[in-house]
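Analysis of the macromolecular model
Each chain, written out:
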Amino acid sequence: QLPEKNFYFGHGCCPVHDAATEEEVRAARAAHPAAQLLVHPECPARVCAQADCVGSTAEIIAFAERSGAEELIIGTEEGTLYELSRRCPHKKFYLLRPDFVCGDMKKITPEALRRAFAGEGTPVEVAPAVAEGARRALHRMLELAQ
């Protein structure tokens, strides 16, 4: 029932994480042989298989805090480096790829959050059944994060 158009259906990944490659892992390990590799699970499976830690942002930070390694290669969005450097100022962190930047995450600013919490901006309306499914998914995600 759709008009004749070409549609692109992604494979359900974060394009920033999905762009990480095995070649980048090899290059990073060659440049920093003593470093451990910590990656987000949305990186390709072949990248994750080579990591010392595969985890969420919080899990990556916790691993870095516990790790005895003085150097760590980070395979997730560059914004994570701020918290890593704050919590582990004596350690050195290297991004797996120099362009590990999520443009969408950079849109989240204190001002944007203030407007959202104040009810400003464009409301998002969905059918009640869709809202309920999303609510269940969010609650489950929060349960797993604890």
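Another aspect to go through is the pattern of salt bridges. Within this structure, the stated rule accounts for 17 salt bridges. Here Glu 83 makes a salt bridge to Arg 87, at a shortest N to O gap of 2.6 Å. Here the residue Glu 83 and the residue Arg 87 both occupy positions in helix H5 (residues 80-87), the gap between them amounting to 4 residues, near one helical turn. According to the relative accessible area criterion, Arg 87 is partly exposed, its value standing at 39%. For Arg 135, the salt bridge is made with Glu 132, and the minimal N-O distance between the two is 2.8 Å. Taken together, the residues Arg 135 and Glu 132, both in helix H7 (residues 128-145) and 3 residues apart, mark about one turn of the helix. Residue class for Arg 135 comes out partly exposed when judged on its relative accessible area of 43%. Within this structure, Glu 65, Glu 83, Arg 86 and Arg 87 form a network of salt bridges that share partners.

Before going further, it helps to spend a moment on the sheet that holds strand E2 (residues 53-54). Strand pairing in a sheet is mediated by backbone hydrogen bonds. Such pairs are either parallel or antiparallel. Read across the sheet, 4 strands follow the order E2-E1-E3-E4 without closing on themselves; strand pairing throughout is parallel. The sheet terminates laterally at E2 and strand E4 (92-95), the two strands that pair on one side only. Sheet contacts for helix H4 (residues 57-66): strand E1 (36-39), E2, strand E3 (71-75) and E4; angle to E1, the most-contacted strand, approximately 160°.

On the surface, Met 105, Ile 108, Leu 113 and Phe 117 cluster together into a nonpolar patch covering about 470 Å² of accessible area. Relative to the helices and strands, Ile 108 resides in the loop between E4 and helix H6 (110-117). By relative accessible area, which is 57% here, Ile 108 ends up exposed.

Before going further, it helps to examine the layout of surface pockets. Computed from the structure, the largest pocket encloses a volume of approximately 260 Å³. In terms of lining residues, the largest pocket is bounded by Ser 56, Ala 58, Glu 59, Met 141, Leu 142, Leu 144 and Ala 145. Counting residues per element, the ones that place at least two in the lining of the largest pocket are H4 and H7. Considering every element that reaches the lining of the largest pocket, the biggest residue donor is H7, with 4 residues. In terms of residue class, the lining of the largest pocket is made up of 5 nonpolar, 1 polar and 1 charged. Considered class by class, the residues forming the lining of the second largest pocket number 3 nonpolar, 5 polar and 2 charged.

The rules behind the values
Residues numbered from 1 in each chain as written. Predicted model: local features only at pLDDT ≥ 70, side-chain atom pairs only at ≥ 80, totals over all residues. Heavy atoms only, no water. Salt bridge = Lys/Arg side-chain N within 4 Å of Asp/Glu carboxyl O. Helix = DSSP H or I, 4+ residues; strand = E, 2+ residues; numbered from the N terminus. Buried < 20%, exposed > 50% of the residue type's maximum accessible area, 1.4 Å probe, protein only. Pairing = 2+ DSSP bridges. Contact = heavy atoms within 4.5 Å. Axes fitted to C-alpha atoms, helices over the stretch in contact; angles between N-to-C directions. Patch = residues over 30% accessible without salt bridge, like charges linked within 9 Å, V, L, I, M, F, W, Y side chains within 5 Å. Areas by Shrake-Rupley, 256 points an atom, 1.4 Å probe, with all protein chains shown as cover. 1 Å grid on protein atoms, 1.4 Å probe; cavity = no way out; pocket = protein on both sides within 12 Å on 5 of 7 lines; lining within 4 Å. Points joined across faces, edges and corners; volume = space filled by probe spheres on them. Nonpolar A, V, L, I, M, F, W, Y, C, P; charged D, E, K, R; others polar.

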